[in-house]
Amino acid sequence: MALYDSQTKIWSSNNDSSIFNPKKSVGELILYTLRRTPDKICEISDDFGVTSTCDDILKRSIQVAEALKEDYGLKYGDVCSIVAKNNPEVSSVAFGCLFNGCSVNPMDVSFAQIDFDHMIGLTKPKIIFAERSVIDKIRKSITKLGLSSRIFCFTGVNGEVAEGITPVKSFYFKNLDVSVEDYRSAFIKDTSKHIALIMCSSGTTGLSKGVCLSHAQVVSQSFRSLPMKASDTTFTFSSIYWITGMITMLSSTIEGAIRIISTQNFSPEYYFKLIEKYKVTHSFITPSMIAGMLQSKATSRVDLSSLKTCYVGGSYVLEDLRASFEKYLGKDGKVIPGYGMTELGGVITFNLTGKPESVGVPLNETEVKIISDDGILLGPEEKGEICLKSPYMFLGYYNNEEALKDVFDSDGWIRTGDLGYFDAEGYLFLSGRKKELIKYKNYQISPETLETLIHEITGLTQVCAVAVEKNNLGTDFPAAVIVLPKDFKMSKKEVIKVLDEKLDDVKKLRGGVYFVENFPTTASGKVLRRAVKELANKLYQERQVDQSG
């Protein structure tokens, strides 16, 4: 349970400091750990069929670092962008950039042109490493912005590279003037002020911001966000664009675990194949992935006994989903919900005890307070906005000071915009997000509360509650967008009828009920609430036109 100070009304972890020295840079720690066990396998690419030892990754990372510095003029403090799925060349590129004291900015391959224009315009990277599929978009952005950024292309699974673009694999022919044993990464005098990573905010509610994480924050907080051991084999579909993907890559390297990677997209069958093939012990997935797996016929045939810790996050986790999937794991296997934030360097709480509905207790020297709309500190069982603090806070949003004005309070705490409360035992519960609240007349309705009610009434697990805003009554209308399982017994009319009968008047779905085959999601499986909301509003307007006609 969390420690609670009744005088200050602050909850905290056990305040154990990191075993790693935050005065050391991320590059220094990676260099040290890769040297320590040169013959150990540290990375296996399933779809590329590439197995890499620590020595393989180390040598390639140094070659990347030296080539960038000597042949392409990369300097300490320059920004390098990486746009790729989990390609086997990604880790050596990221490590090489960090060895040089550069800031790494991962972007997503699913970015639209406007997203690339926006983020490249913010960070103005000196170097961009990218998959062939996004090269044309990146070229357009560079031309539009008048930049001279150099582009390098990752090799595809069939050996393909973009025409006229230098392939990343060319770095691996670099002759080194220094031995691997004598190589030293760039010295960073103040690791709490130097930017290691520029992570994109999730973009579920608007254009991404560049979240600046210092070396000290990554070492102190991020390395401990997804705990693993040297004996673990870990896997996630998240690329390093996502904080969980970045943490998985860094932490597995630092801890000496084996990381399984793939550029393929999620499907229940492929996930099961990887777990069985590599005896994966440690994984990170999303609630929508769990829902998909529970609906798959393959679930009853798969052997998930190797999976000991399955972390789940990214959005609200229904207890039924967690408990149902956990039954398929091994004897000691656990599905562990967590709550995280890119600005805090990753995961902030974990529910290790299985307390129903909770996201757990604070980790890693994190402090938490709950405040009312008026800024009053709240105690146990009182709902309000979740605010966070840690020894090393993020360094702001890259080239976007304006975005910070509503983030920190007067005492330096991050205002998350998430709503929740602690119970008497010190467990944190989420109850919604301020910006996503559905405001029907004078009532504020949490989408998560509405989703839970719909689940309890119908048994449906893939439900997204949103606000229909464009109507003639000047208030939000609650609406629900639902994915119906193939074997679901109730008809659409029956679903609508039972919801109308069972929901309280305030929560009635005046904005409509809409059925879709799948939710729009981010690359890591997180539901894009913004896109779902836009879809619901569009369908509502179309329905109004049909009815008036």
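Keep in mind the model is a prediction, meaning the values are calculated, not measured.

**Student:** Explain the overall build of the protein chain here, please?
**Tutor:** What the protein chain contains, in helices and strands, is 13 helices and 27 strands. Relative to the globule expectation of 24 Å for 549 residues, the C-alpha radius of gyration of the protein chain, 24 Å, shows essentially globular dimensions. Sorting the 549 residues of the protein chain into buried and exposed places 59% on the buried side. Residue pairs in contact within the protein chain that sit at least 24 positions apart in sequence constitute 70% of those at least 6 positions apart. Element-wise, carbon and sulfur atoms account for 49% of the exposed surface of the protein chain, whose accessible area totals about 23400 Å². Of the charged side chains in the protein chain, 65 are positive and 67 negative; the average position of the first set lies 2 Å away from that of the second.

**Student:** What should I look at first to understand the packing of aromatic side chains in this one?
**Tutor:** How two aromatic rings sit relative to each other is set out by the distance from centre to centre and by the angle between their planes. Summed over the entire model, instances satisfying the criterion amount to 26 aromatic pairs. Centroid distance Phe129 to Phe152: 5.6 Å. Interplanar angle 25 degrees. Geometry classified as stacked. Note that Phe129 is positioned in strand β7 (residues 127-130) and Phe152 in strand β8 (residues 150-153), a separation of 23 residues in sequence. Accessibility assignment for this pair places Phe129 and Phe152 in one class, buried. With 5.5 Å between their ring centres and 20 degrees between their planes, Phe394 and Phe408 make a pair best called stacked. You can see Phe394 sitting in the loop between β20 (384-389) and β21 (414-422) and its partner Phe408 sitting in the loop between β20 and β21, a full 14 residues away along the chain. One aromatic cluster is present, formed by Phe235, Phe237, Phe266, Tyr270, Tyr271 and Phe272 through successive ring pairs. A cation over a ring is seen here: Arg60 above Tyr172, with NZ or CZ 5.6 Å from the ring centre. The ring of Tyr397 has Lys209 lying over it, and the distance from NZ or CZ to the ring centre is 5.3 Å.

**Student:** It is not clear to me how the sheet that holds strand β16 (residues 334-341) should be interpreted in this structure. Could you clarify?
**Tutor:** The pairing of strands in a sheet comes from backbone hydrogen bonds and takes either a parallel or an antiparallel form. Strand order in this open sheet of 9 strands is β4-β3-β13-β12-β14-β15-β16-β17-β18, and the pairing throughout is mixed. Each edge of the open sheet carries a strand with a single partner, namely β4 (50-53) and β18 (361-362). The sheet contact formed by strand β14 (residues 282-285) and strand β15 (residues 309-312) spans 4 bridges and is parallel. Within the sheet, the bridge partner assigned to Ile285 lies in β15 and is Val312. Along the sheet face, helix α2 (residues 54-72) touches β3 (41-45) and β4 and points at about 85 degrees away from the line of β4.

**Student:** Looking at this model, I keep getting lost on the pairing of strand β10 (residues 195-200). Mind explaining?
**Tutor:** Each regular strand carries side chains that alternate between the two faces of the sheet. Among the 6 residues that make up β10, 6 are buried, leaving the element largely enclosed by the rest of the structure. One ladder, built from 5 bridges, connects β10 with strand β11 (residues 210-214); its direction is antiparallel. Within β11, the residue paired with Ile195 across the bridge is Ser214.

**Student:** Any chance you could explain the pattern of salt bridges here in plain terms?
**Tutor:** Pairs can form between side chains of opposite charge once their charged atoms are near each other. The final tally for this structure, using the stated rule, is 26 salt bridges. A salt bridge links Lys277 to Asp46; the nearest nitrogen and oxygen atoms lie 3.0 Å apart. Here Asp46 lies in the loop between β3 and β4 and Lys277 lies in helix α8 (residues 268-278), a separation of 231 residues in the sequence. The exposure class of Lys277 is partly exposed, given its relative accessible area of 48%. Residue Arg510 is joined to Asp505 by a salt bridge in which the shortest nitrogen-to-oxygen separation is 3.0 Å.

**Student:** Quick question: what am I supposed to make of a negative patch on the surface here?
**Tutor:** On the surface, Asp39, Asp55, Glu181 and Asp182 cluster together into a patch of negative charge. Position of Asp182 among the secondary structure elements: in the loop between β9 (166-167) and β10. Asp182 sits in the exposed class, given a relative accessible area of 52%.

**Student:** Would you mind showing me how to read helix α10 (residues 319-326) here?
**Tutor:** Quick reminder: α-helices carry 3.6 residues per turn. Residues three or four places apart thus point the same way. Inspection of α10 places Glu319, Leu321, Arg322 and Phe325 among the buried residues, and these make up the whole buried set. All buried residues of α10 fall inside an arc of 165 degrees around its axis, so they share one side. Structurally, α10 contributes buried residues whose contacts are with α8, β14, α9 (287-295), β15 and β16.

**Student:** So what exactly am I meant to see when it comes to the sheet that holds strand β27 (residues 512-516) here?
**Tutor:** Across the sheet, which stays open at both edges, the 3 strands sit in the order β25-β26-β27 with mixed pairing between neighbours. Strands with a single pairing partner mark the edges of an open sheet, and in this sheet they are β25 (463-468) and β27. The average angle at which neighbouring strand axes cross in this sheet is 25 degrees, direction not considered. Sheet analysis places β25 next to strand β26 (residues 477-483), joined by 6 bridges and oriented antiparallel. Residue Val466 lies in a different strand from β26, and its bridge partner there is Ala479. Strands in contact with helix α11 (residues 447-458) are β25 and β26; relative to β25, the strand with the most contacts, it is inclined by about 130 degrees. On the sheet, helix α12 (residues 492-502) packs against β26 and β27 and is oriented at approximately 145 degrees with respect to β27.

**Student:** Help me understand the nonpolar core, please; the structure alone is not making it clear to me.
**Tutor:** Most often, soluble globular proteins keep nonpolar side chains buried together rather than apart. The biggest cluster of nonpolar side chains holds 83 residues, and the ones touching the most others in it are Phe129 and Leu250. The element contributing the most residues to this core is α2, with 8 residues. Counting residues in each nonpolar core, the second largest holds 32 residues, with Tyr440, Ile445, Ile482 and Phe519 among its members.

**Student:** I would appreciate a short explanation of α8 in the present structure.
**Tutor:** Looking at α8, one finds that the buried residues are Pro268, Tyr270, Tyr271, Phe272, Leu274, Ile275 and Tyr278. Once α8 ends, the next one or two residues include Lys279, with phi positive near 50 degrees.

**Student:** Help me understand the environment of Lys85 in this model?
**Tutor:** Tracing the backbone through its elements, the reader meets Lys85 in the loop between β5 (79-83) and α3 (90-99). A sequence separation of 395 residues divides Lys85 from Ala480, and the C-alpha atoms of the two residues are 32 Å apart. Non-local contacts of Lys85, meaning those with residues more than four positions away in its chain, are made with Val90, Val109, Glu131, Ser239, Thr263 and Asn265. Among the polar contacts listed, one links the side chain of Lys85 to the side chain of Asn265, at a separation of 3.5 Å.

**Student:** What am I meant to see in the packing of helix α1 (residues 26-36) against helix α7 (residues 243-255) here?
**Tutor:** How two helices pack is summed up by the angle between their axes together with the distance between the axes. Between α1 and α7, whose axes approach to 8 Å, the crossing angle comes to 45 degrees. The orientation of α1 with respect to α7, classified from their angle, is oblique. Touching Val26, Leu29, Ile30, Thr33, Leu34 and Arg36 of α1 are Leu250, Thr253 and Ile254, all from α7. Considering only residue class, the contact of α1 with α7 consists of 6 nonpolar, 2 polar and 1 charged.

The rules we used
- Residues numbered from 1 in each chain as written.
- Predicted model: local features only at pLDDT ≥ 70, side-chain atom pairs only at ≥ 80, totals over all residues.
- Heavy atoms only, no water.
- Helix = DSSP H or I, 4+ residues; strand = E, 2+ residues; numbered from the N terminus.
- Rg over C-alpha atoms; globule rule 2.2 N^0.38 Å.
- Buried < 20%, exposed > 50% of the residue type's maximum accessible area, 1.4 Å probe, protein only.
- Contact = heavy atoms within 4.5 Å.
- Areas by Shrake-Rupley, 256 points an atom, 1.4 Å probe, with all protein chains shown as cover.
- Lys, Arg positive; Asp, Glu negative; His and termini not counted.
- Charge placed at Lys NZ, Arg CZ, Asp CG, Glu CD.
- Phe/Tyr/Trp six-rings, centres within 6.5 Å; stacked < 30°, edge-to-face > 60°.
- Lys NZ or Arg CZ within 6 Å of the ring centre and 35° of its normal.
- Pairing = 2+ DSSP bridges.
- Axes fitted to C-alpha atoms, helices over the stretch in contact; angles between N-to-C directions.
- Salt bridge = Lys/Arg side-chain N within 4 Å of Asp/Glu carboxyl O.
- Patch = residues over 30% accessible without salt bridge, like charges linked within 9 Å, V, L, I, M, F, W, Y side chains within 5 Å.
- Arc of directions from axis to C-beta.
- Core = buried A, V, L, I, M, F, W, Y, C linked by side-chain atoms within 4.5 Å.
- Polar contact = N/O pair within 3.5 Å; in protein donor to acceptor, adjacent residues only side chain to side chain.
- Parallel < 35°, antiparallel > 145°, perpendicular 65-115°, else oblique.
- Nonpolar A, V, L, I, M, F, W, Y, C, P; charged D, E, K, R; others polar.

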